[in-house]
Amino acid sequence: MYEIIVVGGGHAGCEAAYASAKKHHKTLLITSNLKNIADMPCNPHIGGSAKGIVVREIDALGGIMGKIADKTHLQIKMLNSAKGPAVQSLRAQGDKVTYPKEMLKTLNEQEFLTIQEGMVEDLVIENNEVKGIVLDNGEKILSKIVILTTGTYLKADILVGDTRTRQGPHGEKPSNYLSDKLKEYGFKIIRLKTGTPQRLDKKTIDFSKTKKEPGDEERYLTFSFDLEPSYKLDEQEPCYLTYTTEETHKIIRDNLNKSSMYGALDDIEGIGPRYCPSIEDKVVRFSSKERHQLFIEPESRYYDDIYLQGFSTSMPKEVQEKMVHSLPGLEHAKILKYGYAIEYDAIYPTQLTASLETKIIKNLYTAGQINGTSGYEEAACQGLIAGINASLKIEEKDPLILKRNEAYIGVLIDDLITKGIRDPYRLLTSRAEFRLLLRSDNADLRLREYGYQVGLIDDEKLNKLNTKKQKINDLLVFMQENKLKITKEVEEVFKKENIEVPTTTLSLEQLLKRPEIKISFLEKFIEIPFKEEIKEQVSINLKYEGYIKKSFKEAEKMLKLEKKQIPENIDYDKIKNIASEARQKLKEVRPKTIAQAIRISGVNPSDISILSVYLKKEYGKDE
Amino acid sequence: MNDTICAIATSSGIGAIAIIRISGEESIEIVNKIFKGKDLTKVSSHTINYGHIIDEQENIVDEVLVSIMKSPKTFTTEDIVEINTHGGIAPTNKVLELLLENGCRLAEPGEFTKRAFLNGRIDILEAEAVMDMIDAKTEVQRKMAINQISGKVSNLINDLRDDMVQIISNINVNIDYPEYDDVDILTTEILIPKITNLKEQIIKIIKESNNGKIIKEGIKTSIIGRPNVGKSSLLNALIEEEKAIVTDIAGTTRDIVEGQIKINGVILNIIDTAGIRETDDKIEALGVEKSLKIMEEADLILFMLNNNEELTKDIEMLLDKLNNKKYIIIINKNDLETKLDKNLLKKYEKQIINLSVLKHQGIDSLKEKIIELFNINELETKDPTYLSNSRSISILKRCLKSIEEVEKGLKEKRPIDMLELDIKNIWEELGLINGTSYEEELLDEMFSRFCLGK
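Residues numbered from 1 in each chain as written. Chains lettered and ligands numbered in written order. Predicted model: local features only at pLDDT ≥ 70, side-chain atom pairs only at ≥ 80, totals over all residues. Heavy atoms only, no water.

**As for the overall build of chain B**
Short version of the rule: Where helices and strands are cited, they refer to DSSP runs of H or I of at least four residues and of E of at least two residues respectively, numbered from the N terminus. For this analysis, residues touch if any pair of their heavy atoms sits within 4.5 Å.
A count of helices and strands for chain B gives 15 helices and 13 strands. The contacts of chain B with a sequence gap of at least 6 include a subset with a gap of at least 24, amounting to 67%.

**As for the packing of aromatic side chains**
Condition: Pairing of aromatic rings covers Phe, Tyr and Trp, the last through its six-membered ring, and needs centres within 6.5 Å; plane angles under 30 degrees mean stacked, over 60 mean edge-to-face, and all others mean tilted. Burial status follows relative accessibility: with a 1.4 Å probe on protein chains alone, a residue under 20% of its type maximum counts as buried, one over 50% as exposed, and anything between as partly exposed. Ring-over charges, as used throughout, are those where CZ of Arg or NZ of Lys falls within 6 Å of the ring centre and within 35 degrees of the ring normal.
Counting across every chain of the model gives seven aromatic pairs over all chains. On the basis of an interplanar angle of 40° and a centroid distance of 4.2 Å, the ring pair of F207 of chain A and Y240 of chain A is categorised as tilted. A residue pair is termed long-range when its members are at least 10 positions apart, and F207 of chain A in the loop between β13 (199–201) and β14 (211–213) and Y240 of chain A in strand β15 (residues 239–243) qualify at 33 residues. When the centroid spacing of 5.8 Å and the interplanar angle of 15° are considered together, the rings of F494 of chain A and F525 of chain A count as stacked. Separated by 31 residues along the polypeptide, F494 of chain A in helix α13 (residues 488–496) and F525 of chain A in the loop between α15 (519–522) and α16 (532–543) bring together distant segments of the chain. According to the relative accessible area criterion, F494 of chain A is buried, its value standing at 0%. Overall, F525 of chain A belongs to the partly exposed group, its relative accessible area being 23%. Through a chain of ring-to-ring contacts, three or more aromatic side chains come together here, namely F494, F521 and F525 of chain A. In this structure, R431 of chain A is placed above the aromatic ring of Y425 of chain A, and the distance from its NZ or CZ to the ring centre is 4.0 Å. When the ring centre of F112 of chain B is taken as reference, the NZ or CZ atom of R21 of chain B above it lies at 5.5 Å.

**Structural notes on the sheet that holds strand β12 (residues 189–196) of chain A**
Hydrogen bonding along the main chain pairs the strands of a sheet, whether they run parallel or antiparallel. All names here are of chain A. Spelled out, the test is: Here, any two strands with at least 2 DSSP bridges between them count as paired. Inter-axis angles, ranging from 0 to 180 degrees, are taken between N-to-C directions of lines fitted to C-alpha atoms, where helices are fitted over the stretch in contact.
With antiparallel pairing, the four strands of this open sheet are ordered in space as β11-β10-β19-β12. Looking along the sheet, the strands with just one partner apiece sit at the ends: β11 (163–165) and β12. On average, each strand axis in the sheet is tilted by 25° relative to the strand beside it, whichever way the strands run. Where strand β10 (residues 157–160) meets β11, three bridges bridge the pair, whose relative direction is antiparallel. Looking at β11, one finds that I158 is bridged to T165.

**Describing the pattern of salt bridges**
Residue and element names in this part refer to chain A. The following threshold applies: A side-chain nitrogen of Lys or Arg and a carboxyl oxygen of Asp or Glu constitute a salt bridge if their distance falls within 4 Å.
In the structure shown here, the tally under the stated rule is 73 salt bridges over all chains. Note that E299 and R199 form a salt bridge whose closest N and O atoms lie 2.7 Å from each other. Of this pair, E299 sits in the loop between β16 (293–298) and β17 (305–309) while R199 sits in strand β13, and the two are 100 residues apart along the sequence. Each of the two residues, E299 as well as R199, counts as buried.

**A look at the domain arrangement of chain A**
Think of interface size as the accessible area that goes away when the parts come together; that is how it is often given. All names here are of chain A. Test applied: For the domain bounds, the source is a domain assignment made automatically or taken from a database. Here the quantity called buried area is the total loss of accessible area, with a 1.4 Å probe, experienced by two parts when brought into contact, counted for both. Any pair of nitrogen or oxygen atoms within 3.5 Å is treated as a polar contact; in protein, a donor-acceptor pairing is required on top of that, and neighbouring residues in sequence qualify only through side-chain atoms on both sides.
Once the domains are mapped, chain A shows domain 1 (2–195 + 345–454), domain 2 (199–343), domain 3 (459–549) and domain 4 (563–622). When each unit is reduced to the centre of its C-alpha atoms, the spacing between domain 1 and domain 2 is 25 Å. Counting residues at the interface gives 62 residues for domain 1, matched by 55 residues for domain 2. Here domain 1 packs against domain 2, burying approximately 4,900 Å² in sum over the two surfaces, 55% of which is carbon and sulfur. Taken as a group, L74, L159 and K193 account for 13% of the area that domain 1 buries against domain 2, more than any other trio of residues on that side. The interface formed by domain 1 and domain 2 includes seven salt bridges. The interface formed by domain 1 and domain 2 holds 33 residue pairs in polar contact (both at pLDDT 80 or more) in total.

**Topic: the pairing of β16 of chain A**
Residue and element names in this part refer to chain A. Counting buried positions over the six residues of β16 gives six, a clear majority of the element. With four bridges joining them, β15 and β16 adopt antiparallel strand pairing. Within the sheet, the bridge partner assigned to T242 lies in β16 and is L294. With four bridges connecting them, β16 and β17 associate as antiparallel partners. Paired with E297 across the strands is Y307, a residue of β17. Hairpin remark: β16 followed by β17, antiparallel, with six residues in the connecting loop.

**What about the side chain of N306 of chain B?**
All names here are of chain B. Relative to the helices and strands, N306 resides in strand β11 (residues 300–306). Judged by its relative accessible area of 9%, N306 is buried. A polar contact is formed between the side chain of N306 and the backbone nitrogen of N308, at a distance of 2.7 Å. In contact with N306, other than residues within four places in its own chain, are V229, N332, K333 and L340.

**Observations concerning the sheet that holds strand β4 (residues 75–79) of chain A**
Residues and elements named next belong to chain A. Spatial ordering of the open sheet is given by β3-β5-β4, a layout of three strands whose pairing is antiparallel. For this open sheet the edge positions go to β3 (45–47) and β4, each flanked by a neighbour on one side alone. Sheet twist, expressed as the average angle between the axes of neighbouring strands with direction ignored, equals 20°. Where β4 lies against strand β5 (residues 89–93), five bridges are found, and the strand directions are antiparallel. Its bridge partner lying in β5, I76 is registered against A92.

**What about the environment of Y614 of chain A?**
All names here are of chain A. Tracing the chain through its elements places Y614 in helix α20 (residues 605–619). Along the primary structure Y614 and K576 are separated by 38 residues, whereas in three dimensions their C-alpha atoms are 8.8 Å apart. Excluding anything up to four places from it in sequence, Y614 contacts I570, D571, K574, I575 and Y619.

Spelled out as structure tokens, the structure:
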């Protein structure tokens with residue numbers, strides 16, 4: 001018998017299976033198609049704004065996405081490098097051949113992990129507790145815990161023009177009954193939709209008419225805190241940029257009624273992502289825009305498919321042909337795969353706890369697109385957390401719950417379980433109120449110790465972290481103790497760089513706090529014998545001290561409220577005077593703490609007052 | 001939940017003293033910031049300390065006694081400070097306002113009792129009462145508070161928030177979609193004038209928040225009229241009626257105050273001399289220019305006409321300018337023969353009071369009219385109008401400080417994404433003034449205004 005079964009081999013499933021097996025729990029990863037392990041059915045990149053920070057967080061906790069991306073990417077760059085440190089984020093162009101291959105290799109080498117092909121159509125449930133899975137051939141496989149990471153495969157429908165076909169992204173068989181079963185067990189199921197653009201034959205594209213977008217050619221970058229870069233700066237594959245034309249827009253407008261989403265199909269239920277509109281949407285909603293940007297991205301070094309980012313559509317094939325050929329550089333492009341929209345079932349995420357165990361069925365965890373998110377990184381981090389928490393449950397330990405001030409992962413899960421969703425959820429920096437604390441550069445400082453506590457980070461890596469912390473302290477002291485005397489020569493250097501000359505001797509710390517002075521500038525006067533990553537930490541902490549302190553203060557306020565627990569068995573119907581909308585929302589979300597209750601939309605401060613008084617009255621002794 | 005709260009504990013209005021109670025972790029520290037006397041952070045618990053409350057410019061606001069009661073032996077079991085002030089709405093409110101500006105939050109109804117209960121000081125029976133009180137009042141009050149901000153202020157805040165949300169969503173799009181070259185990038189240079197504009201809008205809103213100003217500074221009142229129409233007699237009559245003349249309030253007005261009277265606890269500052277002082281010199285007729293200027297500055301214009309005189313051209317012209325102001329037309333000497341052509345005053349009908357200062361007739365109706373005009377009764381009760389305004393104003397002032405910091409940050413070339421956090425906080429705070437703000441609003445704005453996606 002297995003301890004943990006993970007259903008689905010996408011990005012969530014891989015992390016979940018890896019984490020639980022790594023923690024020596026006998027794990028089964030079951031997927032409908034072994035070829036699709038860690039598949040990237042949509043865009044070929046990993047990371048991006050906010051998402052890149054999540055990949056760093058996964059790595060800090062001991063997950064694998066970052067390492068595999070580092071080993072296989074086609075190019076990598078730091079987004080927002082000209083902006084503040086809080087919003088810098090890595091983005092890599094993945095290789096759709098080597099990434100899954102490397103992932104499969106890592107999983108195959110992992111002890112305690114079995115990978116098997118099979119279509120799951122039901123769960124074994126006894127007394128609201130999951131005991132295993134049922135395959136489409138009727139076979140039962142038992143386990144203590146089941147983690148569902150089914151992605152878009154629950155009742156997946158591919159929509160192209162006026163056709164609806166029940167199949168997964170690569171034409172595979174989807175799971176037809178599992179979501180109905182989940183509904184029977186009491187879950188609220190919603191229908192979501194997303195789309196993907198065409199794949200084109202590289203050989204048929206005239207790149208001379210497009211703009212080149214290279215990776216970072218100056219410095220080596222990695223997601224992982226443990227790996228040295230294994231690529232060559234000058235061997236990175238470029239992406240290219242092109243734009244829609246007036247002709248493209250005309251073709252779209254003339255054929256609008258042929259698009260699945262604009263009337264060709266009259267049974268669309270799924271809600272598509274706001275941040276990922278189809279090209280039809282863009283042309284209709286932003287009719288005044290003369291052109292829309294499109295990215296031409298390679299999918300792999302090993303085959304010629306090119307991904308046309310920005311051109312997602314559900315037009316019929318013949319219209320897609322015309323549309324693509326109206327684009328500069330793509331006049332003769334051969335379409336290898338047409339764009340499509342996909343509709344699928346998901347679980348409304350307020351039915352989950354912060355550990356990602358469902359509230360309805362004990363020992364059942366869910367992660368990834370089944371929870372209403374979109375994106376590989378969003379899926380992977382949930383998979384990791386579900387894998388960790390399933391293991392901790394077997395070990396009879398408390399779950400790992402990251403707070404909003406600790407990780408984007410914490411923001412994501414809290415948003416899902418507290419606020420629910422309207423459309424497929426994507427992480428954005430604007431969702432993180434403490435983003436100044438949740439930086440790419442400090443993911444290890446924030447989360448490595450948790451990784452160690454849960455057993456995914458070994459002693460060696462922890463020691464490395466502790467040395468880093470010590471060095472940061474040492475450098476801070478160094479900056480306080482060393483002072484810069486303003487001599488004639490020093491004055492000259494300041495003037496040359498157009499920096500205001502200090503009137504008295506100042507410590508390096510005081511100087512670095514000035515916005516216009518970089519640590520590299522100070523090195524013109526005094527050698528600072530520390531590694532780049534240490535200097536980076538000290539620079540950020542000193543330069544943005546005021547802003548960071550403010551964020552910490554805000555976070556503390558929230559943490560105080562997080563300490564105010566709400567008992568699990570609370571009966572909201574017994575609380576008099578609470579507004580009915582608030583009562584309904586509280587019953588749905590069942591927040592664990594007062595802080596979480598405050599974040600629920602529709603719950604007002606007066607309701608919180610009444611709730612606090614009630615808690616004190618009923619449970620006063622526990623506080 | 002354990003932030004520091006404050007409220008006026010005594011009933012407002014005229015009284016010998018008023019007590020302001022502050023409870024919470026930072027109560028002693030906050031009061032100490034506005035207190036001149038002993039260092040309150042160093043005094044022993046359960047002591048009474050003499051000193052002065054001072055404002056930002058170190059002007060003395062009031063002479064006070066401050067009781068320090070340290071946790072846990074207090075009503076709420078938190079640190080409590082009580083400030084005994086010299087009564088009167090203006091100084092008491094000024095102290096309250098200073099507390100709000102320095103980090104206190106205005107207590108909700110029943111909140112001290114609620115804390116006492118939550119901290120285990122009082123029992124369930126008492127708590128039931130608190131529950132009812134919170135239930136009965138909060139929601140109603142919240143709505144009232146929102147409704148009672150004047151439409152104009154509310155609109156200004158909405159406009160301001162609209163401007164802000166565009167800036168915020170643009171910055172967020174710049175952060176989240178850095179690779180899109182067709183989205184405008186908000187650079188420091190583009191942002192500085194935008195932020196300066198936001199700052200000016202906030203300053204304007206503070207100015208427009210008239211009710212709050214009235215509480216704080218009183219109603220700036222001018223009596224306009226031709227010589228001998230009875231202006232100083234009216235002033236004297238009003239003063240005589242109201243024996244309780246308030247002492248001068250530090251730093252409230254630069255105008256020369258002829259006299260102060262109090263109506264239901266709110267001060268009327270009767271300002272300006274030239275227009276009012278009667279001289280024997282009959283040649284000093286009504287200076288039209290001067291009167292216009294006075295009218296421009298006043299919150300309330302008492303426009304006096306003589307029942308016994310015909311309307312002159314200059315008066316007619318001044319009457320025309322009353323449109324946008326709060327005014328009352330007083331027809332004095334109604335005991336004498338009517339020579340005034342009342343048909344000419346038809347359009348002012350609702351604002352006319354007939355009286356005879358000499359015979360002491362009609363002074364009460366004048367006062368009632370003033371009360372009606374400024375909602376003074378509403379202001380005076382303990383209550384939403386006053387509370388909401390003082391709360392709004394303290395929020396607005398906090399926002400002003402923050403936006404000034406953003407402006408400074410921009411000039412220092414701080415990263416825009418950091419300053420955005422402050423802008424967003426201001427946007428959220430402003431949302432508290434006229435309803436709640438949801439993050440979804442922001443996301444919607446982002447995705448409806450900018451064209452993004454795969």
